[in-house]
Amino acid sequence: MQATSAEVVNYLFWEFFWPAVAVAVFTLGWLVIALVKFRDRPGRPEPADAPVAGQFPAERKNRFVLASFILVPLAIVAVLDVIDQEALHFLKEVPEGDHLTVRTEAYQWAWDFTYPEGFTLQNELRVPKGRPVVLKLTSRDVLHSFYVADFAVKQDAVPGQISTLWFNATRAGTYRARCAEYCGLAHAKMLATVVVMEPAEFDAWRAAKARGG
Ligand code: CUA
């Protein structure tokens, strides 16, 4: 986990994982019970309501069971949705205050990162540690998607449209960004490097770059 977004996504993952395990154990448990209890044994007579070829099977209505098939999953999803509002809001909303905005243009098959001063890096995004970074994403040609697995962020780049992605990297280092939307022959090679720098080092680099260095 190298970004605050990664922590939130990780939290959401486990929060959905354990209810999913509970549902799987419950459902598969009933399946195993049914397989054992109603298995065919030698000499066992056909049940009275066994299906007969060419006839519609008799209805076995149990409104309580039918309703629970709808209501229980709905309740689980509704509860998770309500308690996750804050996390989802955090992932979507760019925080107020000091952040770095980088215009990002995707094209077959590379990334251009343009800083507020006007200089552009190809396939390399340099950002300061601990400060929110906002990418204003678009595409020159077809659909692409900016994806950094370490930060747990992914956002489509759509021609004629600007989409926003933000992250806050928490550890200096070099990370891999890749295109996550099939975009033609060299899609798999559409990679970029994300360099997370110490803030002072980043400011010095940015100032030099802005002067044309
Ligand atoms: Cu760009 Cu895949």
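Attention in this report is confined to the structure presented alongside it.

Criteria and thresholds
- Along each chain, residues carry numbers from 1 onward, in the same order as the chain's sequence is written.
- A pLDDT threshold of at least 70 governs which residues receive local features in this predicted model, and a stricter bar of 80 or more applies before side-chain atom pairs are shown or counted, although totals over entire chains, interfaces and linings include all residues.
- Water and hydrogen atoms play no part in the side-chain values, which are based on all heavy atoms of the structure.
- Pairing between two strands is assigned when DSSP locates at least 2 bridges connecting them.
- Helix and strand labels come from DSSP, where a helix needs a run of H or I of at least four residues and a strand needs a run of E of at least two; each type is numbered from the N terminus.
- Throughout, an axis means a line fitted to C-alpha atoms (over the contacting stretch in the case of helices), and angles, computed between N-to-C directions, take values from 0 to 180 degrees.
- Under the rule applied, a polar contact is a pair of N or O atoms within 3.5 Å (in protein, one hydrogen donor and one hydrogen acceptor; residues adjacent in sequence only if both atoms are side-chain atoms).
- Side-chain rings of Phe, Tyr and Trp (the six-membered ring for Trp) are treated as a pair once their centres are within 6.5 Å; stacked means planes under 30 degrees apart, edge-to-face means over 60, and tilted covers the remaining angles.
- Partly exposed residues are those whose accessible area sits between 20% and 50% of the maximum for their type, while under 20% is buried and over 50% is exposed, using a 1.4 Å probe and protein chains only.
- The criterion is that NZ of a Lys, or CZ of an Arg, lies within 6 Å of the ring centre and within 35 degrees of the ring normal, and then a charge sits over that ring.

### Here's the deal with the sheet that holds strand S8 (residues 163-167)
With mixed pairing, five strands are arranged side by side in an open sheet as S3-S2-S1-S5-S8. Looking at which strands have only one partner, the edges of the open sheet turn out to be strand S3 (120-122) and S8. Shown here is a sheet whose adjacent strand axes are inclined to one another by a mean of 25 degrees, direction ignored. Relative to strand S2 (residues 110-114), strand S1 (residues 100-107) is paired through five bridges, and the arrangement is antiparallel.

### Points about the sheet that holds strand S9 (residues 173-179)
For sheets, the rule is that strands pair by backbone hydrogen bonds, running either parallel or antiparallel. The strand order S4-S10-S9-S6-S7 describes an open sheet built from five strands, whose pairing is mixed. Two strands lie at the open edges of the sheet, namely strand S4 (124-128) and strand S7 (153-157), each paired on one side alone. Strand-to-strand twist in this sheet, taken as the mean axis angle between neighbours without regard to direction, amounts to 20 degrees. Pairing analysis gives two bridges linking strand S6 (residues 144-148) to S9, with the strands arranged antiparallel. Looking across to S9, one finds that tyrosine 147 is bridged to arginine 178.

### What about the side chain of serine 163?
Inspection of the secondary structure assignment puts serine 163 in strand S8. In this structure the side chain of serine 163 is engaged in a polar contact, spanning 2.7 Å, whose partner is the backbone oxygen of aspartate 156.

### Some words on the packing of aromatic side chains
With the rule as written, the count across this model stands at 15 aromatic pairs. Summarising the aromatic geometry, the rings of phenylalanine 17 and tryptophan 18 are spaced 4.8 Å apart at their centres and angled 85 degrees between planes, so their arrangement reads as edge-to-face. By relative accessible area, tryptophan 18 is classed as exposed at 53%. Three or more aromatic residues joined by ring pairs form one cluster here, namely Phe13, Trp14, Phe17 and Trp18. The lysine or arginine in question, arginine 140, covers the ring of tyrosine 107, its NZ or CZ lying 4.0 Å from the ring centre. Looking at lysine 154, its charged tip hangs above the ring of tyrosine 147, at a distance of 4.7 Å from the centre.

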